[in-house]
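# Residue-level structural notes
The residues making up each chain are set out below.
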Amino acid sequence: AHKAHSHTHTQSCTANLVGTHNSVRFEILFSLTLKTNLQNLVTDNVEVMEGDVAVISCRVKNNDDSVIQLLNPNRQTIYFRDVRPLKDARFQLVNFSDNELRVSLSNVSLSDEGRYVCQLYTDPPQEAYADITVLIPPGNPIIESREGQVIEGNETEMTCTAMGSKPAATIRWMKGDKELQGISKVEETYDHMFTVTSQLRFIVTKEDDGVPVVCIVDHPAVKDFQALTYLVVHYKPEVKIIVEFPDGLPREGQNMELSCQAKGKPHPQQINWVKVDDDLPSHALITGPDLYIENLNKTYNGTYRCFAANSVGESYDDYILYVYDSRAGEGAPRAVDHAVIGGVVAVVVFAMLCLLIILGRYFARHKGTYFTHEAKGADDAADADTAIINAEGGHNNSDEKKEYYI
């Protein structure tokens, strides 16, 4: 019974110790967790151009006098609080307080790139990481063209190269105010740098002559980095015939001058005048691009053609000559006069016809009245005079009726 009681007591003591140990452990863990949650360690990534200054900031919220230190990518201590154990004078203390450790790194090089560690001495220690990325801008972009000059309608090819950048650059193309799509290729060099080459192909027209083609390099370290070249496009001449004189219709006896205006690249070296399906007039004079003809007549009618040629090709323009007689142009006013006269005559004729119709009806109406009066009393009369006298109205009206009869 004593042994059993002793065993029971031992188990009870063990249970109390275990309970006490678990309680203490829980309190410690809760305290550490609460402390860790209250102290937040933060930092930021840094992008810096080669040769510039990078600033690393280790910040703590609600610090309880825990120690802050900064380590390099090899986990060597750069700063422990405000003390710099690392013998690199490029690291300088910018600010130190209970809540921040801020350090600058001057004259940054590619070897400084990596992950830096902000460390807070808590239990367990806290760490935050700041990645330093070193930006190296590319060299001046270089544009190369497959040919110095292009004939209209042909394809041209250009390349633009941006060398020695980190990270790799991107290349865009502009022709005038229009963006074109090139094909880019990225190559990594032995020193972990990048070279980008973009190739552009397109068909040219004569309107492209003198238009700038721009290679634009985009990179985080630079802005508006570009190179340009101007297109040189050769095209065959554009020909147009201009009548210098006479003004208006060409007439017999006048002089005429036709000017052949030709534009091309290269400039037309040869300009010729011909008459289609016939020879030029014997006294026609050609002076450079101009054709001069004296004393026009109808035998000169026909198509006159001007040819212009350069190294690209040949073009022409036509002028159709029709010579009018010396009175040409006077018929129009006369035609107008005849029309007016014809209109007036038509109106007069119409008015006369209307007048004749009215008079005819008037006379016809009065002629009927005469026959009516003549009929009255005529049947019993011995002769015409007696008939008039015996008509209605008696003798008093006989003079009037005889007068009307006459």
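Everything below is about the structure shown above.
What counts as what
Residues numbered from 1 in each chain as written. Predicted model: local features only at pLDDT ≥ 70, side-chain atom pairs only at ≥ 80, totals over all residues. Heavy atoms only, no water. Patch = residues over 30% accessible without salt bridge, like charges linked within 9 Å, V, L, I, M, F, W, Y side chains within 5 Å. Areas by Shrake-Rupley, 256 points an atom, 1.4 Å probe, with all protein chains shown as cover. Salt bridge = Lys/Arg side-chain N within 4 Å of Asp/Glu carboxyl O. Helix = DSSP H or I, 4+ residues; strand = E, 2+ residues; numbered from the N terminus. Buried < 20%, exposed > 50% of the residue type's maximum accessible area, 1.4 Å probe, protein only. Phe/Tyr/Trp six-rings, centres within 6.5 Å; stacked < 30°, edge-to-face > 60°. Lys NZ or Arg CZ within 6 Å of the ring centre and 35° of its normal. Disulfide = S-S within 2.5 Å. Pairing = 2+ DSSP bridges. Axes fitted to C-alpha atoms, helices over the stretch in contact; angles between N-to-C directions. Core = buried A, V, L, I, M, F, W, Y, C linked by side-chain atoms within 4.5 Å. Contact = heavy atoms within 4.5 Å.

### Some points on a nonpolar patch on the surface
- Where nonpolar side chains cluster on the molecular surface, the patch consists of Ile-341, Val-345, Val-349, Leu-353 and Leu-356 and spans about 460 Å² of accessible area.
- Turning to its location among the elements, Leu-353 is positioned in helix H2 (residues 331-375).
- Classification of Leu-353 by relative accessible area gives partly exposed; the value is 48%.

### Points about the environment of Leu-291
- With respect to the helices and strands, the residue Leu-291 is situated in strand S23 (residues 290-293).
- For the pair Leu-291 and Val-274, spaced 17 residues apart in the sequence, the C-alpha separation amounts to 9.8 Å.

### Quick notes on the packing of aromatic side chains
- The tally for this structure, following the rule as stated, stands at five aromatic pairs.
- Taken together, a centroid distance of 6.0 Å and an interplanar angle of 70° make the contact between Phe-80 and Tyr-121 edge-to-face. Taken together, the residues Phe-80 in strand S5 (residues 77-80) and Tyr-121 in the loop between strand S8 (114-120) and strand S9 (126-135) connect sequence positions 41 residues apart.
- Look at Tyr-121 and you get partly exposed, because its relative accessible area is 42%.
- The aromatic ring of Tyr-129 is capped on one face by Arg-115, whose charged end is 5.2 Å from the ring centroid.
- A cation sits over an aromatic face here: Arg-305 above Tyr-316, 4.2 Å from the ring centre.

### A look at the state of the cysteines
- For the coordinates displayed, the defined rule picks out three disulfides.
- A sulfur-sulfur separation of 1.8 Å characterises the disulfide bridge that pairs Cys-58 with Cys-118. Judged by the sign of its S-S torsion, about -70°, the bond between Cys-58 and Cys-118 is left-handed. Highlighted residues: Cys-58 in strand S3 (residues 54-61) and Cys-118 in strand S8, separated in sequence by 60 residues.
- Judged by its relative accessible area of 0%, Cys-118 is buried.
- Each disulfide of the protein joins two cysteines, and with those cysteines numbered along the sequence the arrangement is 1-2, 3-4, 5-6.

### Quick notes on the pairing of S8
- Of all seven residues in S8, five are buried; the element is thus mostly enclosed.
- Sheet analysis places S8 next to S9, joined by seven bridges and oriented antiparallel. Bridge pairing in S9 links Val-117 to Tyr-129.
- Hairpin connection from S8 to S9: five residues lie between these consecutive antiparallel strands.

### Regarding the sheet that holds strand S24 (residues 302-309)
- Pairing within the open sheet is antiparallel, and its three strands lie in the order S21-S24-S25. The open sheet has two edge strands with one neighbour each: strand S21 (270-275) and strand S25 (314-321). Along the sheet, successive strands turn relative to each other by an average axial angle of 20°, direction set aside.
- As paired strands, S21 and S24 are joined by six bridges and run antiparallel to one another. Among the inter-strand pairings, Ile-271 is bridged to a residue of S24, identified as Ala-308.

### With respect to the nonpolar core
- Formed by 25 residues in total, the largest nonpolar core has its most connected members in Leu-70, Phe-91, Leu-101, Tyr-116 and Ile-132.
- The set of elements that each furnish at least two residues to this core consists of strand S2 (46-49), S3, strand S4 (68-71), S5, strand S7 (100-105), S8 and S9.
- Not counting residues up to four positions away in its chain, the partners in contact with Leu-70 are Ile-56, Cys-58, Gln-76, Thr-77, Ile-78, Tyr-79, Leu-101, Val-103, Tyr-116, Val-117 and Cys-118.
- Core analysis: the second largest hydrophobic core is formed by 19 residues, Val-150, Met-158, Cys-160 and Leu-231 among them.

Any link to function would need more than the numbers given here.
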